Amino acid sequence: MANKSSVLLIYTGGTIGMIQDASSGELKPFDFKSLTKQVPELNKFDIDLSSIAFPKPIDSSNMHPNVWVQLVKTIQSNYHKYDGFVILHGSDTMSFTASALSFMLENLAKPVVLTGSQLPIGIIRTDGKENLITAIEIAAAKEKGKPIITEVCIYFEYKLYRGNRTFKFNSAHFDAFKSPNYPALAEAGVTIHYNKGNLLKPGKGQLKVYTKLENDIAVLKLFPGISQKITSAIINTKGIKAIILETFGAGNATTQAWFIKELQQAIKKGIIILNITQCPEGRVIQGMYETSSQLKKIGVISGADLTFESAVTKLMFLLAQDLNKQKTVRLLQTNLRGELTQE
Ligand code: ASP
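All values reported here derive from a predicted model rather than from experimental measurement.

Could you clarify how one ought to interpret helix α9 (residues 325-332) in this entry?
Residues that lie three or four places apart on an α-helix share one face, since the helix turns once every 3.6 residues. All of the buried residues along α9 are Thr-328, Val-329, Leu-331 and Leu-332. Each buried residue of α9 sits inside an arc of 165 degrees when the element is viewed along its axis, so together they form one side. Where α9 is buried, its residues touch β19 (272-277), β20 (301-302) and α8 (308-319).

Written as structure tokens, this is what we have:
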């Protein structure tokens, strides 16, 4: 049938692709060639489904930017052959991967849906089957011959989220992800309801794939009583190009003179300091309180409502492009892939 959608399933690892060995009880990755044996429901789909499994499936806590490069290259080389992509991935770092991929794939005009599960697919109570089946359905979904979703997202426990807005907030419940600063893209119930007004528009030009990432980034998470010794050690780490400053509330920090001076010296050396809040919901507003005015004055960049995952991967993406500092700073504060709400 001409209108039959085709979906490529890419298995990177994680709990979802595991089955319990009948004799030892151990969880081990299953052979993806027998996917339909594990999930016979897939045979009922009117979708052309192909799969690729990474030779060594990983627990996503071992995720690395090199794997993100492998993933975008796989999508690039199969881009014209499929209508959509589903990436099976461990939930632990899924939000980092989804955020990274969103930046690395410019002008995306097809769905890239990441999913996984809290229980392996071979376990009776698994959440993996529903997640997998609906993620495939979303990746195949079209309206008037065009894909409905044209961005990198996460499907988990009946909700589709913009990937770069999510974080993993629960390690025990099936409902593992939250997207506090951006509403869900779709909800799956009896039907899949797409919240059309929340979706990104498809990219207009050709797909552009970025394969360089810079990981010389440090994180300084503030707490009351943080010492100058530790602060200084982090800020003066040799070779760092950017520091993510995790502040309180609406982007506030201690006003102690030594702290401001340490930051100021780093900025003078050309290091970018990006201010994001420790609050999962809300945003940084530098200058709202006296405790953030100084930060603004010395040139700390506001990360608005970026998640930590998006802040890390956006910096990795921008720093690798050898742009001048001014342009890097401008793009950091620009909404590139729906990852931040501009003021
Ligand atoms: N540790 C696992 C992983 O992230 C957990 C999961 O798959 O959900 O790979």
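What exactly am I supposed to notice about the side chain of Thr-247 here?
On the secondary structure map, Thr-247 appears in strand β18 (residues 242-247). Classification of Thr-247 as buried rests on a relative accessible area of 0%. The residues touching Thr-247, leaving out its near neighbours within four places in the chain, are Leu-222, Asn-252, Ala-253, Asn-275, Ile-276, Thr-277 and Gln-278.

Any chance you could explain the sheet that holds β18 here in plain terms?
Strands belonging to one sheet form pairs held by backbone hydrogen bonds; the direction of such a pair is parallel or antiparallel. Strands sit in the order β17-β18-β19-β20 across an open sheet of four strands; the sheet is parallel. Two strands lie at the open edges of the sheet, namely β17 (217-221) and β20, each paired on one side alone. Bridging between β19 and β20 involves two bridges; their strand directions are parallel. Across the sheet, the residue bridging to Leu-274 is Ile-301, located in β20. Helix-sheet contacts for helix α5 (residues 228-235) involve β17 and β18, and the interaxial angle to β17 is about 160 degrees.

What is the right way to read the site of the ligand from this model?
Every residue lining the ligand is accounted for by Gly-14, Thr-15, Asp-59, Ser-60, Gly-90, Ser-91, Asp-92 and Ser-117. For the ligand, a nitrogen atom lies 2.9 Å from a polar atom in the side chain of Asp-59. In the model, an oxygen atom of the ligand is placed 3.2 Å from a nitrogen or oxygen of the Ser-117 main chain. Surface burial for the ligand is 89%, taken as the share of its 260 Å² of free accessible area covered by protein chains. Its residues placed into classes, the shell around the ligand shows no nonpolar, six polar and two charged.

What's the story with the environment of Gln-264 in this structure? I'm lost.
Among the structural elements, Gln-264 can be located in helix α6 (residues 257-268). Exposure remark for Gln-264: the relative accessible area of 32% places this residue in the partly exposed category. For the pair Gln-264 and Gln-294, spaced 30 residues apart in the sequence, the C-alpha separation amounts to 9.9 Å.

I'm lost on the environment of Ala-266 in this one. Help?
The residue Ala-266 is located in helix α6 in this model. The spacing of Ala-266 and Asn-236 is 30 residues in sequence and 7.5 Å in space, taken between C-alpha atoms. Filtering out sequence-adjacent residues up to four positions away, Ala-266 remains in contact with Ile-235, Ile-271 and Ile-273.

Would you explain the nonpolar core in this entry?
Within soluble globular proteins, side chains that are nonpolar generally end up buried alongside one another. With 53 residues, the main nonpolar core has Leu-105, Val-112 and Leu-315 as its most contacted residues. Looking at this core element by element, the count peaks at seven residues for α8. When near neighbours in sequence (up to four residues on either side) are disregarded, Leu-105 contacts Val-72, Ile-75, Val-112, Val-152, Leu-207, Lys-208, Val-209 and Arg-337. Membership of the second largest hydrophobic core comes to 35 residues, among which are Leu-42, Ile-121, Ile-138 and Tyr-194.

Explain the packing of helix α2 (residues 65-78) against helix α3 (residues 94-104) to me, please; I cannot follow it from the model alone.
Helix-helix packing: each pair is described by the crossing angle between the helix axes and the interaxial distance. Between α2 and α3, the least distance of the axes is 10 Å, while the angle of their chain directions is 55 degrees. With respect to α3, the element α2 is oriented oblique. Considering how the two elements wind past one another, α2 and α3 form a crossing that is right-handed. In this structure, α2 contributes Trp-68, Val-69, Leu-71 and Val-72 to the contact, and α3 contributes Phe-96, Thr-97, Ala-100, Leu-101 and Met-104. A per-class count over the contact of α2 with α3 returns eight nonpolar, one polar and no charged.

Would you mind showing me how to read the sheet that holds strand β10 (residues 152-156) here?
The strand order across the open sheet built from eight strands is β4-β1-β5-β7-β10-β11-β14-β15, with neighbouring strands paired in mixed fashion. Since the sheet does not close on itself, it has two edges, and those belong to β4 (47-58) and β15 (192-194), each with one partner. Strand-to-strand twist across the sheet, computed as the mean angle between neighbouring axes with direction ignored, equals 20 degrees. With two bridges connecting them, strand β11 (residues 159-162) and strand β14 (residues 186-188) associate as antiparallel partners. Looking at the pairing, Lys-159 lines up with Glu-187 of β14. Here α2 sits on the sheet in contact with β1 (5-13), β4, β5 (84-88) and β7 (112-115), set at roughly 155 degrees to β4. The sheet contacts of α3 involve β5, β7 and β10, and relative to β10 the element is tilted by about 155 degrees.

Any chance you could explain the environment of Ser-302 here in plain terms?
Examined against the element boundaries, Ser-302 turns out to sit in strand β20. With relative accessibility at 15%, the residue Ser-302 sits in the buried group. Leave out the neighbours within four places in its chain, and Ser-302 touches Leu-274, Asn-275, Val-284, Gln-286 and Gln-333.

Reading the values: rules and limits
Residues numbered from 1 in each chain as written. Predicted model: local features only at pLDDT ≥ 70, side-chain atom pairs only at ≥ 80, totals over all residues. Heavy atoms only, no water. Buried < 20%, exposed > 50% of the residue type's maximum accessible area, 1.4 Å probe, protein only. Helix = DSSP H or I, 4+ residues; strand = E, 2+ residues; numbered from the N terminus. Arc of directions from axis to C-beta. Contact = heavy atoms within 4.5 Å. Pairing = 2+ DSSP bridges. Axes fitted to C-alpha atoms, helices over the stretch in contact; angles between N-to-C directions. Near = heavy atom within 4 Å. Polar contact = N/O pair within 3.5 Å; in protein donor to acceptor, adjacent residues only side chain to side chain. Areas by Shrake-Rupley, 256 points an atom, 1.4 Å probe, with all protein chains shown as cover. Nonpolar A, V, L, I, M, F, W, Y, C, P; charged D, E, K, R; others polar. Core = buried A, V, L, I, M, F, W, Y, C linked by side-chain atoms within 4.5 Å. Parallel < 35°, antiparallel > 145°, perpendicular 65-115°, else oblique. Left-handed = near helix turned anticlockwise from the far one by under 90°.

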